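# Secondary and tertiary structure notes
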Amino acid sequence: MITAIVLISAESDRIPETAQELADIKGVAEVYSCAGDVDLIAVVRVRDHEEIAEVVTGRINKTAGVLRTATHIAFKSYSRADVEAGFSIGE
């Protein structure tokens, strides 16, 4: 499974509607509204890179209210348990 984090700038008057439309896209696992440099963050989880291209450029970028996106591909996931286990080696 490939995870991509998509930072989204959106029209301010459409953020709730845009977020819901994004959340309904197949391959979009989660959508967060946030403060800071971007308005929304979408977490995309798909099987291959071709699906990322389809979800981001074919669906997310064409969603009403989306102004621009920046996509980051995740290489490895670190959970709190993984990090704590790494520091407890040898104890």
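Structure shown above.
Residues numbered from 1 in each chain as written. Predicted model: local features only at pLDDT ≥ 70, side-chain atom pairs only at ≥ 80, totals over all residues. Heavy atoms only, no water.

### Some remarks on helix 2 (residues 49-59)
- Residues I52, V55 and V56 constitute the buried set of helix 2. All buried residues of helix 2 project into a common sector of 85° when viewed along the axis, lining one side.
- Looking at the packing, one finds that the buried side of helix 2 touches strand 1 (2-10), strand 2 (28-33), strand 3 (40-46) and strand 4 (66-73).
- The residue sitting at the N-terminus of helix 2 and contributing the capping side-chain oxygen is D48; that oxygen lies 3.2 Å from the backbone nitrogen of E50. (Buried < 20%, exposed > 50% of the residue type's maximum accessible area, 1.4 Å probe, protein only. Helix = DSSP H or I, 4+ residues; strand = E, 2+ residues; numbered from the N terminus. Arc of directions from axis to C-beta. Contact = heavy atoms within 4.5 Å. Polar contact = N/O pair within 3.5 Å; in protein donor to acceptor, adjacent residues only side chain to side chain.)

### Re the side chain of T18
- Summarising the element assignment, T18 is placed in helix 1 (residues 15-23).
- By relative accessible area, T18 is classed as buried at 0%.
- Those residues in contact with T18 that sit more than four places away from it in its chain are L40, T63, A64, G65 and V66.

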